[in-house]
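Here's the letter readout for the chains.
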Amino acid sequence: MQIQKIINQRTYQNISDALDDEERLNVYLSEEKFTESLEYGLLNTTINLSDKVPDLVVSREREKVSANDAENAILIYEYLIGLSRVQAADSRLWTTLTHTTFWSYCQGRWPSANTKNYVLDHWFELKGKGLGALRRNAISRLWWAAHLTVAPWEKNTNLEVFKSSDRYKYTKIMLSQQQTFQDILEREYGSNLNMRICILDSLDRFHKKVSNKDELTKSVAVKLTLLLKSRKLDALSIDELLQVIDQLVEKLAKKLNLITAPTA
Amino acid sequence: MKGAQVSYPHPVLCNGDDIPGFKIDLGFEYIITDEKITLKTTKRLSTRHTGIDNLIKDGAAKWLIRIKCGRTYMREIFLTSVEDWEEVLSGPDYEGTLRIETEVIATEDIDNYQPAGLHEDYGDADFNIQAGGILAIGPNLSFTVDKTYDPLKAPIESIVKIVQGSHLSGPFKTLLEDDFIIVKLSKKHWAEYARIRDRVPMILHSAIAVPVLAKAISKIEEHETCLWSGRLGRAMASRGLSREDPLTAAQDLLDDPLTRAFEELNTRLDKGTS
């Protein structure tokens, strides 16, 4: 086991400030390593790392860069096994990892690093950006995706109806489609475990039967947000909750004329 | 009806004047350690509306207590019908501002719902409520879990950091999207600041910290995932300061910096130092 070190706040500020300089910004696009030494002022943490650094995979074809997100999320989650939510809320950790261990992966996965905001989004983690910041940092998004979905039946026994031999079944569902990942991470209901898993389970079944997955996912997110204003679905039993969500998804799929296969 | 906050498909206690004359008063206390956060009520869970309290006693409705933490993406709910409630949360799951939302919700379908005291605009109407439907809205409360906060430090040191920016000259910039409020001075100002910050701290407080804190106070809710937000909120609460007048609150937090700046300046002038 090794201990993860993290940059201090001053270094974080210095390297983010440096993005105003075009030459320093170009480093993210073209250099094989981050050029500035981060050794000075590194802080020890209590975060244990597996001995083997995972080899994250990313396609060279731009339209397929997200194809390995689920696989990479599992690798990152197991590499940082035991990380708590409070530790994972520290932007210095993720900024350290994007600038050191996973520098090449970040460049491959986020290849348009020619603007300051793009680099801030994917190499840093901006606290005030709310829930959205979690899904933008190139590495934290992978960890959070796995953490929020791994073996939900181990966290809440009421979710045993969803038990699978694949502990990462719902990680794979969430990352199979960027729209689903975005809606679950950025909508407030996505932070509730029961809601999150029921929505993913329902979308997974209906996505196999519709012509436009993105359109269905977006419509479900909008309608669900409206419904939750007057009805607290997170208080329902899992059976009731799944039934309500299934009905909503099916109704929208029919209304939008998206169904290509029988639904029952 | 006047003053409704949200338009629900049925009357909701404490939503505008759907059912006039009621106010739900709840309180919670909390004990925070690294391992756990113990939360318990300090006032009994009651709506003071007999009909709704009876639905809770009969099991057709329950109190829903939702705990939310934007920083750690944690959201848990607890359903209860007891009047004195206590729960233990996992310490490593929470940091920063925790919001407590309270509501009464139907736990089963309720047909022909017609609570006593309905606003006259409802007439004789009754409603079919689905399980999960909101019957009453309690107060929203919040508190801060800050495991790195050092209460012995001056509040300002735990909230604001002044650093050198990358701009050569011009006004300072304030960033609120971090765990500290970051004030970036131009390179020219930073050189001056570094030279005199220990000699005339009060004058600098007046020039920099007052406007920065005033701005931060006005944006405190938008940045509740940042640690400074909870720290500032706590510092204000401990002094009984209101957010309604950020400029006054900022001066109170800094213990009247203008008066102290004059004193500092007069002392230096009397001594003939600069």
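Residues numbered from 1 in each chain as written. Chains lettered and ligands numbered in written order. Predicted model: local features only at pLDDT ≥ 70, side-chain atom pairs only at ≥ 80, totals over all residues. Heavy atoms only, no water.

A. The nonpolar core, seen in detail. Of all hydrophobic cores here, the largest spans 87 residues; its most connected members are Y28, L80 and W123 of chain A. Among the elements that line this core, the one with the most residues is helix 14 (residues 238–255) of chain A, at nine residues. Aside from chain neighbours lying at most four places away, what touches Y28 of chain A is I15, L19, F34, H99, W103, Q107, A113, V119, W123 and F124 of chain A. Residues L39, C69, A106 and A136 of chain B belong to the second largest nonpolar core, which totals 37 residues. (Core = buried A, V, L, I, M, F, W, Y, C linked by side-chain atoms within 4.5 Å. Buried < 20%, exposed > 50% of the residue type's maximum accessible area, 1.4 Å probe, protein only. Helix = DSSP H or I, 4+ residues; strand = E, 2+ residues; numbered from the N terminus. Contact = heavy atoms within 4.5 Å.)

B. Broad picture of the layout of surface pockets. Estimated volume of the largest pocket: approximately 1500 Å³. Along the wall of the largest pocket there are 50 residues; nearest its centre are Q9 of chain A together with E157, K161, F180 and I182 of chain B. The computed volume of the second largest pocket comes to approximately 550 Å³. Surrounding the second largest pocket, 20 residues form its lining, E188, L228, K229 and K232 of chain A together with E101 of chain B being those nearest its centre. Put simply, the parts of the chain that give the lining of the second largest pocket at least two residues each are helix 13 (213–230) of chain A together with strand 3 (61–69), strand 6 (96–106) and strand 9 (134–137) of chain B. Counted by class, the lining of the second largest pocket contains seven nonpolar, three polar and 10 charged residues. (1 Å grid on protein atoms, 1.4 Å probe; cavity = no way out; pocket = protein on both sides within 12 Å on 5 of 7 lines; lining within 4 Å. Points joined across faces, edges and corners; volume = space filled by probe spheres on them. Nonpolar A, V, L, I, M, F, W, Y, C, P; charged D, E, K, R; others polar.)

C. Inspection of the packing of helix 13 of chain A against helix 14 of chain A at higher detail. Residues and elements named next belong to chain A. Where helix 13 meets helix 14, the closest approach of the two axes is 10 Å, and the angle between their N-to-C directions is 130°. As far as their axial angle goes, helix 14 and helix 13 are oblique. Viewed along their axes, helix 13 and helix 14 form a crossing whose handedness is right-handed. On helix 14, the residues touching L216, S219, V220, K223, L224 and L227 of helix 13 are V244, L248, V249, L252, A253 and K255. In terms of residue class, the contact of helix 13 with helix 14 is made up of nine nonpolar, one polar and two charged. (Axes fitted to C-alpha atoms, helices over the stretch in contact; angles between N-to-C directions. Parallel < 35°, antiparallel > 145°, perpendicular 65-115°, else oblique. Left-handed = near helix turned anticlockwise from the far one by under 90°.)

D. Quick look at the sheet that holds strand 11 (residues 160–164) of chain B. All names here are of chain B. The three strands lie next to each other as 11-13-12, forming an open sheet whose pairing is mixed. Each edge of the open sheet carries a strand with a single partner, namely strand 11 and strand 12 (173–175). In this sheet, adjacent strand axes meet at a mean angle of 25° when their direction is disregarded. Two strands pair when backbone bridges link them, and strand 11 and strand 13 (residues 181–185) are joined in this way by five bridges, in the parallel orientation. Note that in strand 13 the partner of V160 across the bridge is I181. (Pairing = 2+ DSSP bridges.)

E. Here's a closer look at the interface of chain B and chain A. The interface is formed by 37 residues belonging to chain B together with 34 residues belonging to chain A. Carbon and sulfur atoms make up 54% of the surface buried where chain B meets chain A, a total of about 2900 Å² over both sides. Taken as a group, R71, Y73 and R75 of chain B account for 28% of the area that chain B buries against chain A, more than any other trio of residues on that side. For the interface between chain B and chain A, the tally reads seven salt bridges. For E188 of chain A, the salt bridge goes to K68 of chain B, with nearest N and O atoms at 2.5 Å. There are 17 residue pairs in polar contact (both at pLDDT 80 or more) connecting chain B and chain A. Listed by contribution, the elements that provide at least two residues to the side of chain B that touches chain A are strand 3, strand 4 (74–80), strand 6 and strand 13 of chain B. The element that contributes the greatest number of residues to the side of chain B that touches chain A is strand 4 of chain B, accounting for four residues. For the side of chain B that touches chain A, the class distribution of residues is 14 nonpolar, 11 polar and 12 charged. (Buried area = accessible area lost by both parts, 1.4 Å probe. Salt bridge = Lys/Arg side-chain N within 4 Å of Asp/Glu carboxyl O. Polar contact = N/O pair within 3.5 Å; in protein donor to acceptor, adjacent residues only side chain to side chain.)

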